[in-house]
Structures are given as structure tokens and as C-alpha cells.
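Residues per chain, in single letters:
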Amino acid sequence: MGHCSRALRRVSILLLAGLFFAIIPGVAAAEDTVAFTIKDARITESSGLAVDSAGNIYWTVNDSGDRGVAYGLGLDGKVQGTLNFRAQPVDVEAVAVHDNRLYVGDIGDNTGSRSFVRVFYFNNTRANGLTVSYHAYDFRYPDGPHNAETLLVNESGRLFIVTKGRDGAIYAGPKKPDRQGINKLKKVGSAPSDVTDGTFLPGGDKIALLTYTTVTVLDASTYEVLASSPIPHQQQAESLTLSLDEQSLLVGSEGKKSKVYTVPIPSQATPTPTPSEEPQTETDVPDDRSDAIQNQKGTLFALGLAAFIALVAGTVVAFARKP
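Treat the numbers as computed from the prediction; the structure is a model and nothing was measured. (Residues numbered from 1 in each chain as written. Predicted model: local features only at pLDDT ≥ 70, side-chain atom pairs only at ≥ 80, totals over all residues. Heavy atoms only, no water.)

Read from one edge of the open sheet, four strands run β1-β22-β21-β20, paired in antiparallel fashion. Looking along the sheet, the strands with just one partner apiece sit at the ends: β1 (33-38) and β20 (237-242). Each strand of the sheet is rotated relative to its neighbour by a mean of 25°, with strand direction disregarded. In this structure, β1 lies alongside strand β22 (residues 258-263), joined through five bridges in antiparallel fashion. (Pairing = 2+ DSSP bridges. Helix = DSSP H or I, 4+ residues; strand = E, 2+ residues; numbered from the N terminus. Axes fitted to C-alpha atoms, helices over the stretch in contact; angles between N-to-C directions.)

Right, dumping it as C-alpha cells:
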């Protein structure tokens, strides 16, 4: 009987080990689906993504400090080419595409000192490495300077800027902005804290906004929150756009060799997390909340798994001890 008991114990340990290593990769794969990785050495601070269906590419830009350039990424994340323009942007933070026109949002203002912000635009854009001429719209907020990282374009081509910080807000540009003067923005709604990118969803009646930890969907008319869901853990989530097939969202981060994840579009059936955390102060560098959230999830999962293993092990040992 002693030999039988020891054999059963060995079998139980092997079974539990196999169960553990089978569960862990499955959970990770289900939560984090990588669409592609941006490996190009020129892109170290990808800030913004925009799907270009006509070119079958995604556009991205580097954060502040880069020259006038946008990068066209293939479906594998490799740079297919660039679009260059002779300008010295102050703080580029966003890109958007509408009706074969590429917009580059020079809208960052960490110090709150810009009297106006600028949005460059280019018609019939191609990622062919050429240096092209540009047009631009200048915008001024009605209530003083704001830092922003999100540029939206609705189906009619109207531009919106979403500010970042504790009291995020959505500002609409004129339906027909003027290239000769400074256009006045109009505050039209509230936004979550720390919005880093966004996009209109198919149909144009909803807006998806990215923060460091979530994607939140708003009604495009009332700006009420409809749904929200967490995103995969990233170094600093700064990019959001639709996938080329418009069936999901892509979420990207700053940093070298940054991964871009495929995430579902939050629906009204998705539970909206209860706001239980203090919002961040306005800054380009996120705090440790995303790490804490991920660590908390991992701890709860580990505790649950440990309890399950202990229960199974106890059952097997008890069975082995029976005469």
C-alpha cells in the first residue's frame, strides 16, 4: 500500500504541474493579442495611430522632438514609407485620417503656454518618402491653454480636440475652419481624465477614447459614457485606432519596439468600471496605477489557483491514504 500511495502522490503532483502550466499561457493569450510590433529604430515615441484604408496602412508619429514626418506602417508593423514636410512642430501628439486626407495634430502643451495649437493636413497622402507641401489650421481654446493628445475627425470632416488631465473636455472646431486666421474652439462635452488618443467608431455615432488603463466609449451627440473596458498592460498607452476591417481596436504604446494590441470594441453590455481611483495630474508620464492594477489581477489569480491546487492535492492525498 505504501508504494501505491507514493505513486499516487507523484501522479497528483505531475497532474497539478501540468494543469498550472497549461492554464497560465492560455489566460495570457486570451487577454493580450498582439497585432504587430513597431521595431523601426526611428519610432521611439509612437504617439497616435490612424487607419488609412485607401493605403492599407496605419499612420503614426513620434512625440515631441521629431521633425515634420509621419510614418506609414504595414499590417506587420514595418515602416512602408514616410511622409515628410518642411515644418518644425512644437509637440506633435496625434494623427487622424478622413476622406484620403491625413491630419497631424501639433496639439501638445505640457507647460500650458501655447496661445494656439496647430493641425497640419495633407491631401492624397502616400507613404513614399517624398517631402510634400502642407496646409494647416490654427486653433485657440476659449478658456486658456490646454495640453491635448487626441485629435478626432467625424464623418463630415469636422475636427475635435480632447484635452488631457483631471478635467478632460472635448472641443469642436468650426465646421469650416479658416486657414488664414486662428479658429476658436468650442467646448462641447466632458471627457475622462488622462485621454491619450481616440477615434470615431463606424457609423459616427460613438467615440472611443483611450486612457492609460482603459478604452471608454462615448455617445457622439451627448458625450455620455456608454461602456468601458481595460486594456492590456503597456509601458505608456498613447495610440488608438480602428483595425482595417473595423471589427476591433488597436492600442499602442510609446517606447522602443512597442507592441500594438488588438482589443474588442467595448459595447453597452460591457460593465463600466466603478471610478475608485484618484485621477492623475496632467503629465506625460503615467503613475504606477496600471502596474498596480495588473499586479492586483495577477495576485488574485494566483491566490485562486493556489486554493484550487491545494483542494485537488488534498483530495488526492486523502484518497491515497485510504486503506
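At Asp194, a position not held by glycine, the phi torsion is positive, near 60°. When you line up the elements, Asp194 lands in the loop between β15 (186-190) and β16 (197-200). Note on Asp194: relative accessible area 2%, which makes it buried. (Buried < 20%, exposed > 50% of the residue type's maximum accessible area, 1.4 Å probe, protein only.)

Let's shift gears to the confidence of the model for the protein. Detailed reading of the predicted model is not advised wherever pLDDT is low. Taken over all residues, the pLDDT of the protein has a mean of 82, while the share at 70 or more is 73%. Within the model, the stretch residues 11-30 combines pLDDT values under 50 with twelve contacts to residues more than four positions away or in other chains. Low pLDDT (under 50) marks residues 271-323, which in the prediction has 71 contacts with non-local residues, meaning those over four places away or in another chain. (pLDDT = per-residue confidence, 0-100. Contact = heavy atoms within 4.5 Å.)

Here we come to the nonpolar core. Grouped together as the largest cluster of nonpolar side chains are 24 residues, with contacts concentrated most on Leu73, Val215, Leu249 and Val251. Among the secondary structure elements, those contributing two or more residues to this core are β1, β2 (46-52), β4 (69-73), β17 (206-210), β18 (214-219), β20, β21 (249-253) and β22. Discounting residues that sit within four places of it in the chain, Val251 has contacts with Leu210, Val215, Ile231, Gln234, Ala237, Ser239, Leu240, Lys259, Val260, Tyr261 and Val263. In this structure, Ile107, Val117, Val153 and Ile161 belong to the second largest nonpolar core, which totals 18 residues. (Core = buried A, V, L, I, M, F, W, Y, C linked by side-chain atoms within 4.5 Å.)

Under the definition given, this model contains two cavities of 30 Å³ or more. Looking at the largest cavity, its volume works out to about 60 Å³. Taken together, the residues of the lining of the largest cavity sort by class into seven nonpolar, three polar and four charged. (1 Å grid on protein atoms, 1.4 Å probe; cavity = no way out; pocket = protein on both sides within 12 Å on 5 of 7 lines; lining within 4 Å. Points joined across faces, edges and corners; volume = space filled by probe spheres on them. Nonpolar A, V, L, I, M, F, W, Y, C, P; charged D, E, K, R; others polar.)

Our next topic: the pattern of salt bridges. Enumeration over the complete set of coordinates arrives at five salt bridges. One salt bridge connects Arg114 with Asp106, and the closest N-O pair in it is separated by 3.2 Å. For Arg114, a relative accessible area of 14% translates into the label buried. By relative accessible area, which is 3% here, Asp106 ends up buried. (Salt bridge = Lys/Arg side-chain N within 4 Å of Asp/Glu carboxyl O.)

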